[in-house]
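Read off the chains here:
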Amino acid sequence: MESKYNYFKRDISWLSFNYRVLLEALDERLPLYERINFISIYSSNLEEFYKIRVADHKAVASGATESDEETVQSARELVEEINKEVTRQLDDRVRIYEQKILPALRKNHIIFYQDNHVEPFHQQFIKDFFREEIFPYLQPVPVSKDKIVSFLRDNRLYLAIRVCPKKEEKNKGEETKENIEKYTGECINERNDGEGIKVGMEAARPNVTDLRQPLYFVMKQPYAKVPRFIELPSREKNHYLMFTEDIIKANLNLIFPGYDVDSSYCIKISRDADILIDDTASSADLVAQLKKKVKKRKIGDVCRFVYDRAMPSEFLDFLVDAFRIQRDELVPGDKHLNLEDLRHLPNPNKSLHSLEKPKPMKLTVLDEKESIFNYVAKKDLLLYYPYHSFEHFIHFLYEAVHNPETREIMVTQYRVAENSAVINTLIAAAQNGKKVTVFVELKARFDEENNLATAEMMQAAGIKIIYSIPGLKVHAKVALIRRRGLNGEKIPSYAYISTGNFNEKTATLYADCGLFTCRKEIVADLYNLFRTLQGKEDPKFTTLLVARFNLIPELNRLIDREISLAAEGKQGRIILKMNALQDPTMIDRLYEASEHGVQIDLIVRGICCLIPGQSYSRNIRVTRIVDSFLEHARIWYFGNDGTPKVFMGSPDWMRRNLYRRIEAITPVLAPDLRDSLIEMLNIQLADNQKACWVDDKLQNIFKKRTPGTPAVRAQYTFYDWLNKTNN
């Protein structure tokens, strides 16, 4: 049955979010390099989006794969719509970069050369730097439509170069040949792999009967050997920077003696990075598949060919034909591609201050002398990262390692840091004679290799490893410390339920929260969940909400309760904070609640397929916050006639989270902790500095501060509130 409601397209909604990230580069209240970093984040996000989402749509559009959600035609139309929106956003990115960022750098005495104009006092330096530091690593490769062309590596920058042999009055063929051979000899003397250039240049020799026929080359940028950005000698109070590719462009005549360099432009390829595996395979087969297939990620099918949009059409047509690029894979770019590298832009002006982000605080009640076990045995504890220090969680595990009454430590692993303190502590526990069980989700995209490596390391230390469940992902972020008294008596065990991964690196970047509790009903449910992950029983959960078991029925009951209250003339109230809202069934329930008068606020950072501003959504408002930290927590509030019910945990309201993953949500039962979560939600809804409304056209409409009201920047305001209540 066709729904009477409408929805935003998932990927177009995501592009709206990523555009909001780009808009941070316009905020002149931010330190300059913080603004530049948001351009980097925008570009990096877009790269991954093409490798995964667009690659999936292209596979459907080509008929290579089938989908229950889209047809070949709809997939083609969506790819076209995506490319059109990305091209529109690029115009703004170029404008922001060229008209806002570069002038701001100049104002701060940082001259970032962007064109062919280089001050005379730097020209010799550039030539010398090219000869000494760059030239030995360059290898131009000829491109021909009629021959096998070289393989363009994923997300690597290349220069596409067009040259013509110089006109000679006499003996022009012999002189051109002599110049090529002279250059080839120089290359062999100056490079270890000179033979590769010799072959390339021999293949590029022009037809003597038509010496002015243009020749084409591609040349990979040597960023493994040379930084992307080069600091030039400063002069007076000015500092100077230059892209490495611009230094190469300025010296192309030295690479192609005997030729006139017609033009050169940057290009790059994005390749399908998704890994298709047999999701029903056993754990052993899954490990073998991943080890094999993850190595092929860099040679996936082309999903995007990005080129400098200043490139003439005949030049582009030649490359399209030579590299067999499909027209729907073409995405115009700027002169400089891979701007995700801007996060490494040097800051030679030390007077430019960086952003003073909130520093992680330690709770005064949990100083080094205080046992977290003793504290949580008396009352629940809620930590907010990155405002609170993640060291508290490490200390929690450390206590478990050294507590003689610890019987077993059980943890889920989705994404962990490299050289993880969490993993090292678990290994120490196993070496200390504790039973340690870790469920490792191998299918965490882009973390497959790290998860495999850490799993094998833990296994070698004696930790019991349980791998992915066939057909499912385990996305729950939970830990359980099971204890028994030394004389066999029952003593409290400890449960930990989080919205974020056990990753000390992202715990300084992502805004998450984690709950410690000894409540018997939660501990028992969590133990049942771990038994389920081991395939031992079909559990019944009394308190925790677990996706694929009791989550959807309970959500429906909670929504029905608010609808009933509104029907009685009371206030129906829902606040949902999450990363993404996409599942049509749950969106329909929110539309239905809105039609019955329930007031609904959504705080959704990324994808939001619910359309506000419609007759059936007139009581729903969508807020998006982008600031210093990545909003990552999932917190749900239901008014319940003045006795609020508040939940926190791992799932977004995406189809995959609600139906194809194991997710865990806990009610927050301690009144003071519940109230602190409500305070955070209220502060975020009051944000008038970094919050936007998402309107019915997917535009980000910045919330305006009402005259006479205080400025509220949610992340910083909430940090101050936590600091004042630190006890």
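Here, every reference points to the structure presented above.
Caption draft 1: Just helix H4 (residues 120-134), in detail. With 15 residues, H4 ought to run about 21 Å at 1.5 Å a step, and its terminal C-alpha atoms sit 21 Å apart, in line with that. Looking at the buried residues of H4, the elements they touch are strand S1 (110-113), strand S5 (229-235), strand S6 (238-243), helix H7 (244-250) and helix H8 (252-255).

Caption draft 2: Just empty space enclosed by the protein, in detail. The tally for this structure, following the rule as stated, stands at 4 cavities of 30 Å³ or more. Each pocket or cavity is described by its volume, and for the largest cavity that value is around 190 Å³. Of all the secondary-structure elements, those providing two or more residues to the lining of the largest cavity are helix H2 (32-61), helix H3 (72-107), strand S8 (302-308) and strand S9 (330-333). The greatest single-element share of the lining of the largest cavity, amounting to 4 residues, is contributed by H2. Among the residues forming the lining of the largest cavity, the class breakdown is 9 nonpolar, 3 polar and 6 charged.

Caption draft 3: View of the sheet that holds strand S2 (residues 141-143). As summarised here, the arrangement of the 6 strands in space is S2-S4-S3-S7-S8-S9, forming an open sheet in which the pairing is mixed. Two strands in the sheet have a free side with no partner beyond their single neighbour: S2 and S9. Averaged over all pairs of adjacent strands, the angle between strand axes in this sheet comes to 35 degrees, irrespective of strand direction. Across 8 bridges, strand S3 (residues 158-165) lies against strand S7 (residues 259-271) in antiparallel orientation. Along S7, the bridge assignment pairs Pro165 with Tyr259.

Caption draft 4: Structural context of the environment of Asn688. Positionally, Asn688 belongs in the loop between helix H19 (671-686) and strand S27 (691-694). Given a relative accessible area of 11%, Asn688 falls into the buried group. Residues Asn688 and Ala711 lie 23 residues apart in sequence; the distance between their C-alpha atoms is 6.4 Å. Setting aside residues up to four positions removed in sequence, Asn688 forms contacts with Lys703, Lys704, Arg705, Thr709, Pro710, Ala711 and Val712. At 3.1 Å, the side chain of Asn688 forms a polar contact with the backbone oxygen of Pro710.

Caption draft 5: Quick peek at the pairing of S1. Burial of S1 is two-sided: the residues Ile110 and Phe112 facing one way and the residues Ile111 and Tyr113 facing the other way are all buried. In the sheet, S1 pairs with S6 via 4 bridges, with the strands oriented parallel. The residue bridging Phe112 from the neighbouring strand is Leu241, located in S6.

Caption draft 6: Spotlight on the nonpolar core. One finds Leu590, Leu602, Leu610, Trp636 and Trp653 to be the most contacted residues of the largest nonpolar core, which totals 84 residues. It is H2 that contributes the most residues to this core, 11 residues altogether. Excluding anything up to four places from it in sequence, Leu602 contacts Leu576, Leu581, Leu590, Leu610, Ile620, Arg621, Val622 and Thr623. Listed in part, the 43 residues of the second largest apolar core include Leu363, Ile427, Ala429 and Ala479.

Caption draft 7: The packing of aromatic side chains, seen in detail. Taken as a whole, this structure holds 38 aromatic pairs when the rule is applied. Here Phe541 and Phe549 contribute two aromatic rings whose centre-to-centre distance is 5.6 Å and whose plane-to-plane angle is 75 degrees, an arrangement assigned as edge-to-face. Under the relative-accessibility criterion, Phe541 is labelled buried at 12%. A residue is classified by how much of its surface remains accessible, and Phe549, at 29% relative accessible area, is partly exposed. Between Phe718 and Trp721, the aromatic rings sit 5.8 Å apart at their centres with planes inclined by 15 degrees, giving stacked as the arrangement. Taken together, the positions of Phe718 and Trp721, both in helix H20 (residues 714-724) and 3 residues apart, correspond to about one turn of that helix. You can call Phe718 buried: its relative accessible area is 1%.

Caption draft 8: Just the sheet that holds S1, in detail. Taken in spatial order, the 3 strands line up as S1-S6-S5 in an open sheet, and their pairing is mixed. Every interior strand has two partners, whereas the edge strands, S1 and S5, have only one. On average, each strand axis in the sheet is inclined to that of its neighbour by 25 degrees, with strand direction left out of account. In the packing of H3 onto the sheet, contacts are made with S1 and S6, and the angle to S1 comes to roughly 135 degrees.

Caption draft 9: Broad picture of the packing of helix H16 (residues 551-567) against helix H17 (residues 584-595). In the contact formed by H16 and H17, the axes pass within 10 Å of each other and the chain directions differ by 10 degrees. In terms of orientation, H16 and H17 fall into the roughly parallel class. Across the interface between the two elements, Ile552, Leu555, Asn556, Ile559, Asp560 and Ile563 of H16 pack against Met586, Arg589, Leu590, Glu592 and Ala593 of H17. Residues belonging to the contact of H16 with H17 are distributed by class as follows: 7 nonpolar, 1 polar and 3 charged.

Caption draft 10: Seen up close, the layout of surface pockets. Its volume calculated, the second largest pocket comes out at about 510 Å³. Within the residue set of the lining of the second largest pocket, elements represented by two or more residues are H4, H7, H8 and S7. Among the residues forming the lining of the second largest pocket, the class breakdown is 9 nonpolar, 6 polar and 8 charged.

Caption draft 11: Focus on the side chain of His336. Among the secondary structure elements, His336 is positioned in the loop between S9 and helix H11 (372-378). For His336, a relative accessible area of 3% translates into the label buried. Among the polar contacts listed, one links the side chain of His336 to the side chain of Asp246, at a separation of 2.8 Å. Setting aside anything within four residues of it in sequence, one finds His336 in contact with Arg93, Gln114, Arg228, Phe243, Glu245 and Asp246.

Caption draft 12: Spatial organisation of unusual backbone geometry. Cis geometry marks the peptide bond from Tyr385 to Pro386; its omega dihedral reads 5 degrees. Inspection of the secondary structure puts Pro386 in the loop between strand S10 (381-385) and helix H12 (391-402). Backbone geometry places His109, a non-glycine residue, at a positive phi of 65 degrees. Locating His109 in the fold gives a position in the loop between H3 and S1. Phi at Asp641 takes a positive value of approximately 55 degrees, unusual for a residue other than glycine. Note on placement: Asp641 falls in the loop between strand S23 (634-638) and strand S24 (645-649).

Caption draft 13: Structural context of the packing of H12 against helix H13 (residues 421-431). Running from N to C, H12 and H13 cross one another at 5 degrees; their axes reach a closest spacing of 9 Å. With respect to H13, the element H12 is oriented roughly parallel. Contacts between H12 and H13 pair Phe393, Ile394, Leu397, Tyr398 and Val401 from the former with Ala421, Val422, Thr425, Ala428 and Ala429 from the latter. A per-class count over the contact of H12 with H13 returns 9 nonpolar, 1 polar and no charged.

Caption draft 14: Seen up close, the pattern of salt bridges. Here the structure, examined in full by the defined rule, presents 43 salt bridges. In this structure, Glu314 engages Arg162 in a salt bridge whose closest nitrogen and oxygen atoms are separated by 3.6 Å. Here the residue Glu314 occupies a position in helix H10 (residues 313-322), and Arg162 occupies one in strand S3, the gap between them amounting to 152 residues. For Glu314, a relative accessible area of 43% translates into the label partly exposed. Note on Arg162: relative accessible area 10%, which makes it buried. Counted as one network, the salt bridges with shared partners bring together Arg20, Glu24, Asp27, Arg29 and Lys690.

What counts, and at which threshold
- Residues numbered from 1 in each chain as written.
- Predicted model: local features only at pLDDT ≥ 70, side-chain atom pairs only at ≥ 80, totals over all residues.
- Heavy atoms only, no water.
- Helix = DSSP H or I, 4+ residues; strand = E, 2+ residues; numbered from the N terminus.
- Expected span 1.5 Å × (residues − 1).
- Contact = heavy atoms within 4.5 Å.
- 1 Å grid on protein atoms, 1.4 Å probe; cavity = no way out; pocket = protein on both sides within 12 Å on 5 of 7 lines; lining within 4 Å.
- Points joined across faces, edges and corners; volume = space filled by probe spheres on them.
- Nonpolar A, V, L, I, M, F, W, Y, C, P; charged D, E, K, R; others polar.
- Pairing = 2+ DSSP bridges.
- Axes fitted to C-alpha atoms, helices over the stretch in contact; angles between N-to-C directions.
- Buried < 20%, exposed > 50% of the residue type's maximum accessible area, 1.4 Å probe, protein only.
- Polar contact = N/O pair within 3.5 Å; in protein donor to acceptor, adjacent residues only side chain to side chain.
- Core = buried A, V, L, I, M, F, W, Y, C linked by side-chain atoms within 4.5 Å.
- Phe/Tyr/Trp six-rings, centres within 6.5 Å; stacked < 30°, edge-to-face > 60°.
- Parallel < 35°, antiparallel > 145°, perpendicular 65-115°, else oblique.
- Salt bridge = Lys/Arg side-chain N within 4 Å of Asp/Glu carboxyl O.

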